[in-house]
Amino acid sequence: MDKLSLALICIGAALSIGLAGFGAGIGMGHGLRGACDGVARNPEARGAITTTMILGMALCESIAIYGLVIAFILLYANPFKAALGM
């Protein structure tokens, strides 16, 4: 395996999980801030806000999981192995 190809694959995997995790963290932070603001303004709506917030957090977390899956595919089941001569 060419060292440059391996280095580029590792950089791609790191970027995929890093950017996905960063984006998910930003989205989850904004969602939590909005939920806290909503509960502070209207405490009676706590149940509906919490349910919606948990659903939104799960959707944001799925983006990070997709990045992790892409990183694993690049590292262990790379579809470009034949083209790279590995």
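Residues numbered from 1 in each chain as written. Predicted model: local features only at pLDDT ≥ 70, side-chain atom pairs only at ≥ 80, totals over all residues. Heavy atoms only, no water.

Student: Could you clarify how one ought to interpret the UniProt feature "domain: V-ATPase proteolipid subunit C-like" (unreviewed entry) in the protein chain in this entry?
Tutor: Within the UniProt annotation, "domain: V-ATPase proteolipid subunit C-like" (unreviewed entry) is assigned to residues 11–74. Segment residues 11–74 splits into 94% helix and 0% strand. End C-alpha atoms: 10 Å apart. (UniProt positions renumbered as here; feature names shortened; annotations may be inferred. Helix = DSSP H or I, 4+ residues; strand = E, 2+ residues; numbered from the N terminus.)

Student: I'm lost on the environment of Met57 in this one. Help?
Tutor: You can see Met57 is positioned in helix 2 (residues 46–76). A sequence separation of 30 residues divides Met57 from Gly27, and the C-alpha atoms of the two residues are 8.1 Å apart. Discounting chain neighbours no more than four positions away, the residues touching Met57 are Met28, Gly31 and Leu32. (Contact = heavy atoms within 4.5 Å.)

Student: Which parts of the structure should I look at to understand the side chain of Ser16?
Tutor: Looking at the element boundaries, Ser16 is found in helix 1 (residues 3–41). If we skip the residues at most four places from it in the chain, Ser16 touches Gly67, Ile70 and Ala71.

Student: Got a minute to help me understand the packing of aromatic side chains in this structure?
Tutor: Aromatic ring pairs are reported here in terms of the distance separating the ring centres and the angle at which the planes meet. Within the structure shown, the criterion is met by one aromatic pair. Centroid distance Phe72 to Tyr76: 6.2 Å. Interplanar angle 45°. Geometry classified as tilted. Remark: Tyr76 and Phe72 occur in helix 2; sequence separation between them is four residues, near one turn of the helix. On the basis of relative accessible area, Tyr76 is assigned to the exposed category, the value being 62%. (Phe/Tyr/Trp six-rings, centres within 6.5 Å; stacked < 30°, edge-to-face > 60°. Buried < 20%, exposed > 50% of the residue type's maximum accessible area, 1.4 Å probe, protein only.)

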